[in-house]
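Working through the structure, step by step
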Amino acid sequence: MVEQITFPNRRGLRLVADHYPAQTDTVVVMAHGYTSHKRWAGRFPYIAAQLNQHGYAALAFDFAGCGDSDDDSLRADKLAQDVHAAVDQARAMGYQRIALWGHSLGARLCLMAKPLWATTMVLSGAGTTPMHYHWPDYYSAEELAELAATGRMTIEAAPGCRRQTQVVEAQMLRDFVEFEQAALLHDLPCPVLIINGNHPDDAEECALLAGNRQGLHLLPTGSRHTVIEGARHNFADHLPQLAELGVAWIRERMPQ
């Protein structure tokens, strides 16, 4: 069973989430990736179903400017605020124990937010070091010209939600580079599980994996890093294995 709920973020915008309830005081708050949404590729619905089977609730939300949530331009500091808003909502719903599951950029946003109420985190497709993307490989000349002229660009939204377009700030693209691993991983409130793939044809995921290995010594005691052999960044062909690892970690850190 899934129910759609809404709640405000700290900027007064409405966020939309899928709530997968269970008879428990424990919930996993799920943060999607860059320009994605809560149901993209069926990832979070699948993982939430596995969590439900083991008695855990899940709350998968859309960041402002993404999916079904209110319009906003995308920038990392604003998105990290939305992680706090989702945790606040989980607490307001009566959940006493809260875990975070972030994918891709959502993983880094969970680390940026560092919510004190988090008992643990599962971070899939995570990256903890600056990533230099060649943006002309991702965006058209017209989109990048708009970005250069106005400081933001309007792009086509990911399929599978009500939204047709999204607005990306120039700062959002700089946010992939302008941070330090030591600061990101400093003073985390809980142990984390970082999951990467290592498919040789996925240069992005291999770079994320290499960067994470550099920072393992910075993680809180009890943290773990694991690699799913042959998985690409989206884990589309390894979703059962991804869910199994993450759910097992949740059960270990937050037993029912």
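This text goes with the structure placed above it.
Residues numbered from 1 in each chain as written. Predicted model: local features only at pLDDT ≥ 70, side-chain atom pairs only at ≥ 80, totals over all residues. Heavy atoms only, no water.

**Brief notes about unusual backbone geometry**
One non-glycine residue with positive phi stands out, namely D187, at about 60°. Along the chain, D187 falls in the loop between α6 (181–185) and β10 (192–197). Among the residues examined, D187 registers a relative accessible area of 61% and is labelled exposed. (Helix = DSSP H or I, 4+ residues; strand = E, 2+ residues; numbered from the N terminus. Buried < 20%, exposed > 50% of the residue type's maximum accessible area, 1.4 Å probe, protein only.)

**What about the sheet that holds strand β5 (residues 73–74)?**
An order of β5-β9-β8 is seen for the 3 strands of this open sheet, with the pairing classed as mixed. With one partner strand each, in any of the chains shown, β5 and β8 (152–156) form the two edges of the open sheet. Examined bridge by bridge, β5 and strand β9 (residues 165–169) share 2 bridges and lie parallel to one another. Paired with L74 across the strands is V168, a residue of β9. (Pairing = 2+ DSSP bridges.)

**Description of the pairing of β9**
Regular strands place side chains that alternate from one sheet face to the opposite one. Relative to β9, β8 runs antiparallel, the two sharing 5 bridges. Looking at the pairing, I155 lines up with Q166 of β9.

**Examining the sheet that holds strand β11 (residues 224–228)**
Judged by pairing direction, the sheet is mixed, and its 8 strands sit side by side in the order β1-β2-β4-β3-β6-β7-β10-β11 without closing on themselves. The open sheet has two edge strands, β1 (3–8) and β11, and neither has a second partner. For this sheet the average axis-to-axis angle between neighbouring strands, irrespective of direction, equals 20°. Bridge analysis of β10 against β11 gives 5 bridges, and the strand direction is parallel. When the bridges of β11 are listed, L193 appears paired with R224. Relative to the sheet, helix α3 (residues 105–113) contacts β3 (26–31), β6 (97–103) and β7 (118–124), its axis offset from that of β6 by approximately 140°. The sheet contacts of helix α7 (residues 203–214) involve β10 and β11, and relative to β10 the element is tilted by about 145°. (Axes fitted to C-alpha atoms, helices over the stretch in contact; angles between N-to-C directions. Contact = heavy atoms within 4.5 Å.)

**As for the environment of G65**
Structurally, the position occupied by G65 is in the loop between β4 (57–61) and β5. In this structure the C-alpha to C-alpha distance between G65 and H32, which are 33 residues apart in sequence, comes to 12 Å. Filtering out sequence-adjacent residues up to four positions away, G65 remains in contact with D70, D71, D72, L74, R163 and Q166.

**Describing the state of the cysteines**
Here the structure, examined in full by the defined rule, presents 0 disulfides. Looking at C66, it has no disulfide partner, and the nearest cysteine sulfur is the one in C161, 8.4 Å off. By relative accessible area, which is 1% here, C66 ends up buried. (Disulfide = S-S within 2.5 Å.)

**Here we look at the pattern of salt bridges**
Evaluated as defined, the whole model comprises 15 salt bridges. K38 is the salt-bridge partner of D68, the closest N and O atoms lying 2.7 Å from each other. Here D68, found in the loop between β4 and β5, pairs with K38, found in the loop between β3 and α1 (43–53); they are 30 residues apart in sequence, far enough to count as distant. Classification of D68 as buried rests on a relative accessible area of 14%. The partner of K78 in a salt bridge is E169, with the nearest N and O atoms 3.2 Å apart. Note that K78 is positioned in helix α2 (residues 76–92) and E169 in strand β9, a separation of 91 residues in sequence. Comparing K78 with E169 shows no difference in burial state: the two are buried. (Salt bridge = Lys/Arg side-chain N within 4 Å of Asp/Glu carboxyl O.)

**Describing the packing of aromatic side chains**
The full count for this structure, using the stated rule, is 8 aromatic pairs. Between the aromatic rings of Y133 and W135, the centroid separation amounts to 5.1 Å while the plane-to-plane angle is 35°, which identifies the pairing as tilted. Classification of Y133 as buried rests on a relative accessible area of 18%. A ring pair is formed by W135 and F176, whose centres lie 5.6 Å apart and whose planes are at 55°; its orientation type is tilted. Of the two residues, W135 sits in the loop between β7 and α4 (141–150) while F176 sits in the loop between α5 (170–175) and α6, which places them 41 residues apart along the sequence. In terms of burial, W135 and F176 fall into one category: buried. A network of ring pairs unites the aromatic residues Y34, Y133, W135, Y138, Y139 and F176 as a single cluster. A cation over a ring is seen here: R91 above W117, with NZ or CZ 3.5 Å from the ring centre. (Phe/Tyr/Trp six-rings, centres within 6.5 Å; stacked < 30°, edge-to-face > 60°. Lys NZ or Arg CZ within 6 Å of the ring centre and 35° of its normal.)

Scope: geometric values only; no functional claims are made or implied.
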